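# A closer look at the structure
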Amino acid sequence: PLSGGGGGVGGGGRGGRPRGWCGGAPGEGGGAPPPPAAAGGAAARAPAAGGGAPPPAPADLPAFPPPIPIQGWDSAGFGPALVVGSLSTHPPEMAAGGHSSATANWPKPEVEAANYLEAARAHGMSGADMLWLEMMKDPDHAPRACRAAAAAGLPVFLGMSFRIDPSSSKLVLFGTGENAIEASPEWFHGLVEILGDSLVGVNVMHTNFSTMEHALRFVRRDCGWTGPLGAYPDHGVFKAPEWIFYELDNQQAVDYVEGWVREYGVQLVGGCCGTGPGLITAVSAWARHHNASVRDRKHEDPE
């Protein structure tokens, strides 16, 4: 679930909602506003410039059931839930036992691009309100996925993945896990340009806790992104095809989140690979307290 409302940050929820997400506009210093309807809001589903309208849904699709009201979510000011589809550039057929995708078995570029477009349009036909791009992490595959997302006619969150290169200590695109392509504003703005009016927000995801602050600083300060910003870190390591879980100190994780909200105006918080319900419960408790304090301050000083 996402929010278009003001007042705080989100961190997951109970009561039948997916536990990875919760949202809202930050209540203090430097926060970004919620995405405007004119920028491709879910209700309008305006196609991106040059992308054309998505194909009509087949007549034999089943009717969608009415939404089930869940007490507490709307009353907290987060607004109705949205159905979000995901489109990822996770590499196919990675070598077993490691984290490198240098030898992944990618299809031909034109086939890959067609596959992304088919998947993106399938999300729209299936009733998704928004499309989240995930693991945009290189100069080759990420633009292909972005073009497909822009053509699908759904509002898009751009999800990017980073790591710190051990040899240079610089922020680099996650890439293959071995190469070291430095994160540059030119790369970021190239993806933003491809997405055009479809872009309504940015996420930093599949990026570990210690790298997340560097990546958020890159997005906000180096790239000048002032719109909605989310963060959902991973924890542990990937040894294809399995994720290896590491013990996570949830209080330390919450301390990280508090800093991201304060310093970079993060509005959406969750967890990626290697995180679990314990993290979401801890972040949700912090977010509820934070949001309540923001509302209290607004009541005390309405100006």
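None of these values were measured; they are calculated from a predicted model.

### Observations concerning helix α1 (residues 109-125)
A rise of 1.5 Å per residue sets the reference length of α1, with its 17 residues, at 24 Å; its end C-alpha atoms lie 24 Å apart and thus fit the reference within 8%. Those residues of α1 not exposed but buried are E112, Y116, A120 and G124. In an axial view of α1, the angular spread of the buried residues amounts to 115°, which keeps them on one side of the axis. Turned more than 90 degrees away from the buried face of α1, the exposed residues are E110 and E118. Tucked into the core, α1 has its buried residues touching β1 (84-88), β2 (130-136) and α2 (141-151). Positive phi shows up at G127, right after α1, with a value of about 105°.

### Looking at a negative patch on the surface
Taken together, E247, D249, D255 and E258 make up a surface patch of like negative charges. Classification of D255 as partly exposed rests on a relative accessible area of 45%.

### A word on the side chain of T211
Position of T211 relative to the elements: it lies in helix α4 (residues 209-222). With a relative accessible area of 2%, T211 lands in the buried category. A distance of 2.8 Å separates the side chain of T211 from the side chain of N208, its partner in a polar contact. The residues touching T211, leaving out its near neighbours within four places in the chain, are F162, R163, I164 and L171.

### Structural notes on the nonpolar core
Counting residues in each nonpolar core, the largest one holds 52 residues, and the members touching the most others are L133, L158, F162 and F188. F188 has contacts with L158, M160, V202, F218, V219, C223 and W225, leaving out every residue within four places of it along the chain. Grouped together as the second largest cluster of nonpolar side chains are nine residues, M130, F157, V200 and M205 included.

### Topic: the packing of helix α5 (residues 250-264) against helix α6 (residues 277-300)
The N-to-C vectors of α5 and α6 enclose an angle of 45°; their axes lie 9 Å apart at closest approach. When the axis of α5 is compared with that of α6, the two are oblique. Where α5 crosses over α6, the handedness of that crossing is right-handed. Two secondary-structure elements touch here, α5 through N250, A253, V254, V257, E258 and V261 and α6 through G278, L279, A282, V283, W286 and H290.

### What to know about the packing of α4 against α5
In the contact formed by α4 and α5, the axes pass within 11 Å of each other and the chain directions differ by 10°. Classified by the angle between their axes, α4 and α5 sit roughly parallel to one another. Across from F209, S210, M212, E213, L216, R217, R220 and R221 in α4, the residues of α5 making contact are A253, Y256, W260, E263 and Y264. Here the residues of the contact of α4 with α5 sort into seven nonpolar, one polar and five charged.

### A closer look at the confidence of the model for the chain
Summing up the model confidence of the chain, the mean pLDDT is 81 and the portion of residues at 70 or higher is 73%. Segment residues 11-51 is flagged for pLDDT under 50; beyond a separation of four residues in sequence, or across chains, it makes 117 contacts in the model.

Quick notes on the rules
Residues numbered from 1 in each chain as written. Predicted model: local features only at pLDDT ≥ 70, side-chain atom pairs only at ≥ 80, totals over all residues. Heavy atoms only, no water. Helix = DSSP H or I, 4+ residues; strand = E, 2+ residues; numbered from the N terminus. Expected span 1.5 Å × (residues − 1). Buried < 20%, exposed > 50% of the residue type's maximum accessible area, 1.4 Å probe, protein only. Arc of directions from axis to C-beta. Contact = heavy atoms within 4.5 Å. Patch = residues over 30% accessible without salt bridge, like charges linked within 9 Å, V, L, I, M, F, W, Y side chains within 5 Å. Areas by Shrake-Rupley, 256 points an atom, 1.4 Å probe, with all protein chains shown as cover. Salt bridge = Lys/Arg side-chain N within 4 Å of Asp/Glu carboxyl O. Lys, Arg positive; Asp, Glu negative; His and termini not counted. Charge placed at Lys NZ, Arg CZ, Asp CG, Glu CD. Polar contact = N/O pair within 3.5 Å; in protein donor to acceptor, adjacent residues only side chain to side chain. Core = buried A, V, L, I, M, F, W, Y, C linked by side-chain atoms within 4.5 Å. Axes fitted to C-alpha atoms, helices over the stretch in contact; angles between N-to-C directions. Parallel < 35°, antiparallel > 145°, perpendicular 65-115°, else oblique. Left-handed = near helix turned anticlockwise from the far one by under 90°. Nonpolar A, V, L, I, M, F, W, Y, C, P; charged D, E, K, R; others polar. pLDDT = per-residue confidence, 0-100.

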